[in-house]
Amino acid sequence: MTGPSLTKDDRQGPGGPFLEVHSLTKQFKSTTAVNNLSFSAPPGSITGFLGPNGAGKTTTLRMMLGLIQPTSGFATVGGVPFQTIANPARSVGAVLDSLSLHPKRSALGHLKIYASAIGVPDARASEVLALVGLSEVANRKAGAFSLGMRQRLALATALLGDPPVLILDEPANGLDPEGIAWLRDFLKSYAKRGGTVLISSHLLREVEQTVDNIVMISRGSLVYQGTLEDLRASGRSRVLVSSSNPAGLATALAEKNVTDAQVLPDGRLAVVGLRTEDITSAAEAANIQIFGVAAETVDLEQLFLSMTAGQFVAQHGQPGYGQPPAGYGPPPGYGQPPSGYAPPPQNYGPPPQNYGPPPQNYGPPAGYGPPPPGYGPPPGYGDPQQPGQPQQPGGGN
Ligand SMILES: Nc1ncnc2c1ncn2[C@@H]1O[C@H](COP(=O)(O)OP(=O)(O)OP(=O)(O)O)[C@@H](O)[C@H]1O
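Predicted model only: the values in this text are computed from it and were never measured. (Residues numbered from 1 in each chain as written. Predicted model: local features only at pLDDT ≥ 70, side-chain atom pairs only at ≥ 80, totals over all residues. Heavy atoms only, no water.)

Draft legend 1. Local environment of helix α1 (residues 57-64). Of all eight residues in α1, eight are buried, a share of seventy percent or more. Among all positions in α1, only Lys57, Thr58, Thr59, Thr60, Leu61, Arg62, Met63 and Met64 are buried. (Buried < 20%, exposed > 50% of the residue type's maximum accessible area, 1.4 Å probe, protein only. Helix = DSSP H or I, 4+ residues; strand = E, 2+ residues; numbered from the N terminus.)

This is how it looks when you write it as structure tokens:
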């Protein structure tokens, strides 16, 4: 990595620049796609930018790269506003859309064209092909490439300027498990050398093995920013207790300083932070009979779905949801929100009546299936001048 064209007093980490977003907002007529969003991606690590479909990820990335104009707010690389960076392709490598290739042009030929456009020597084209493992097919026509090979070629294009920052929109889309494993290793070694990586996904599971940090959004607003480790810790196990007196048991546990115990709609008490044997001994001491105890672990995907569930409530227009109750946060019984958990947006609706702890076979919330008819990129989405081209930052609005 040669380093970007930034000034000396840039916000640099030990190995590379911070990527930062400051109060970004984007309004498309009546749609607020991104709402006062701030976050940062530190160098030397991989940050996952997560949110359900339509949450505002692509819009955010496009604003960060100067491809569309924010309604307000701005993004910086190493402390420098993106628009003022002298040679953006050498500072930030980005892949937003799937690559549009001339089918008769070879992979090497394609890269040479981009190399000359950003002013790097032709030899760099062969170097990046090697980096993404495509040297053997350098002269093969791109029209015959699989989706996975096209993804690699798009990445190679982003790497041409040897940038210290990579921004990839849903890079795992269409990759088989082997391709995902390859991408993970590639990004990890890039970050290990000091690079700053931001990758978006609508599936936490897809990037769980790859990312170090998480920025989670729902309906354009931040719901969590922090380490994956902290998010995991917040989804820690709980114990579900059936007893003769759930409220009495909660009181008995509170006397032992366990305040994270809540009575569920089915009458069981959900307790976080105490071992089963400690719960039963507290029950015995309080003369409460225990009928059954079940330990439950919440997985990350469940947590992700519960933290972004408000988006679906709003999107699918379920009736009767007014303002959120005070202090609305993650579902009851799931312990304290993770340290980076942000308060829900103002217009975040309350959970549906039956919203509670996810059942054992908890799946996506209702409506999380196929998008409603007609859902898709809105008209005018994308860059009309260069449909599907790898995004060379700094384009028009
Ligand atoms: N050019 C546009 N004109 C009008 N609305 C838009 C435009 N671009 C995006 N939107 C709307 O903004 C919201 C956020 O869209 P965006 O594509 O940024 O979400 P996303 O999180 O990237 O979703 P996905 O994972 O499906 O790509 C959506 O409601 C979308 O319909």
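Draft legend 2. Expanded view of the packing of helix α9 (residues 246-255) against helix α10 (residues 276-285). For the pair α9 and α10, interaxial distance at closest approach is 9 Å and the crossing angle is 110 degrees. As far as their axial angle goes, α10 and α9 are roughly perpendicular. Where α9 abuts α10, its residues Leu249, Ala252 and Leu253 lie against Ile279, Ala282 and Ala283. Split into classes, the residues belonging to the contact of α9 with α10 amount to six nonpolar, no polar and no charged. (Axes fitted to C-alpha atoms, helices over the stretch in contact; angles between N-to-C directions. Parallel < 35°, antiparallel > 145°, perpendicular 65-115°, else oblique. Contact = heavy atoms within 4.5 Å. Nonpolar A, V, L, I, M, F, W, Y, C, P; charged D, E, K, R; others polar.)

Draft legend 3. Structural view of the site of the ligand. Near the ligand, the surroundings consist of 15 residues, among which Gly54, Gly56, Lys57, Thr58 and Thr59 are the closest. A distance of 3.0 Å separates an oxygen atom of the ligand from a polar atom in the backbone of Ala55. Per-element accounting of the shell around the ligand gives the leading share, three residues, to α1. A per-class count over the shell around the ligand returns seven nonpolar, six polar and two charged. (Near = heavy atom within 4 Å. Polar contact = N/O pair within 3.5 Å; in protein donor to acceptor, adjacent residues only side chain to side chain.)

Draft legend 4. Local environment of the nonpolar core. Judged by nonpolar contacts, the single largest core of 54 residues is most densely connected at Leu187, Ile214, Met216 and Leu231. At seven residues, helix α5 (residues 147-159) tops the list of elements feeding residues into this core. Contacts of Ile214, omitting those with residues within four sequence positions, involve Gly48, Leu50, Leu204, Tyr224, Gln225, Gly226, Leu228 and Leu231. The next biggest cluster of nonpolar side chains, apart from the first, holds 30 residues, and it includes Leu24, Phe39, Val77 and Ile217. (Core = buried A, V, L, I, M, F, W, Y, C linked by side-chain atoms within 4.5 Å.)

Draft legend 5. Inspection of unusual backbone geometry at higher detail. Phi at Asp162 is positive, roughly 50 degrees, even though this residue is not glycine. Summarising the element assignment, Asp162 is placed in the loop between α5 and β7 (165-168). Backbone geometry at Arg219 places phi at a positive 50 degrees, although glycine is not the residue there. You can see Arg219 is positioned in the loop between β9 (213-218) and β10 (221-227).

Draft legend 6. Spatial organisation of the packing of helix α4 (residues 123-131) against α5. Closest axis-to-axis distance for the α4/α5 pair is 9 Å, and the angle between their directions is 135 degrees. In terms of orientation, α4 and α5 fall into the oblique class. The chirality of how α4 crosses α5 is right-handed. Contact residues: Arg124, Val128, Leu129 and Leu131 in α4; Leu153, Ala156 and Leu159 in α5. Residue composition of the contact of α4 with α5, by class: six nonpolar, no polar and one charged. (Left-handed = near helix turned anticlockwise from the far one by under 90°.)

Draft legend 7. Geometry of the pairing of strand β2 (residues 31-41). As paired elements, strand β1 (residues 19-28) and β2 share seven bridges and run antiparallel to each other. Pairing of Lys26 across the sheet is with Val34, part of β2. Between β1 and β2, which follow one another and run antiparallel, lie two residues, and Lys29 among them has a positive phi close to 45 degrees. (Pairing = 2+ DSSP bridges.)

Draft legend 8. Inspection of helix α6 (residues 177-192) at higher detail. For α6, with 16 residues, the first-to-last C-alpha span of 22 Å sits near the 22 Å given by 1.5 Å per residue. Taken as a whole, α6 has its buried residues at Gly179, Ile180, Leu183, Phe186, Leu187, Tyr190 and Ala191. Axial view of α6: buried residues confined to an arc of 130 degrees, hence all on one face. Opposite the buried face of α6, by more than 90 degrees, sit the exposed residues Pro177, Glu178, Asp185 and Lys192. On its buried side, α6 packs onto β3 (45-50), α4, α5, β7 and β8 (196-201). Just past α6, the residue Gly194 takes up positive phi, approximately 105 degrees. (Expected span 1.5 Å × (residues − 1). Arc of directions from axis to C-beta.)

Draft legend 9. Just the packing of aromatic side chains, in detail. According to the stated counting rule, one finds two aromatic pairs in the structure shown. On the numbers, 5.1 Å between centres and 35 degrees between planes, the contact of Phe39 with Phe49 is tilted. In this pair, Phe39 is assigned in strand β2 and Phe49 in strand β3, connecting sequence segments 10 residues apart. Since its relative accessible area comes to 3%, Phe39 is described here as buried. Ring geometry for Trp182 and Phe186: centres 5.4 Å apart, planes at 25 degrees, overall stacked. Linking Trp182 with Phe186, this pair stays in helix α6, spanning four residues, or about one helical turn. By relative accessible area, which is 21% here, Trp182 ends up partly exposed. Above the plane of the ring of Trp182 lies Arg152, whose end atom (NZ or CZ) is 4.2 Å from the centre. (Phe/Tyr/Trp six-rings, centres within 6.5 Å; stacked < 30°, edge-to-face > 60°. Lys NZ or Arg CZ within 6 Å of the ring centre and 35° of its normal.)

Draft legend 10. View of the sheet that holds strand β14 (residues 290-296). One open sheet holds the four strands; their spatial order is β12-β13-β11-β14, and the pairing between them is antiparallel. If you trace the sheet from one side to the other, it starts and ends with β12 (261-263) and β14, each paired once. Each adjacent strand pair in this sheet contributes to an overall mean axis angle of 20 degrees, direction not counted. Most of the contacts of α9 go to strand β13 (residues 269-272), to which it runs at about 20 degrees, and overall it touches β11 (238-243), β12, β13 and β14. Packing against the sheet, α10 makes contact with β11, β13 and β14, and its axis sits at approximately 155 degrees to β14.

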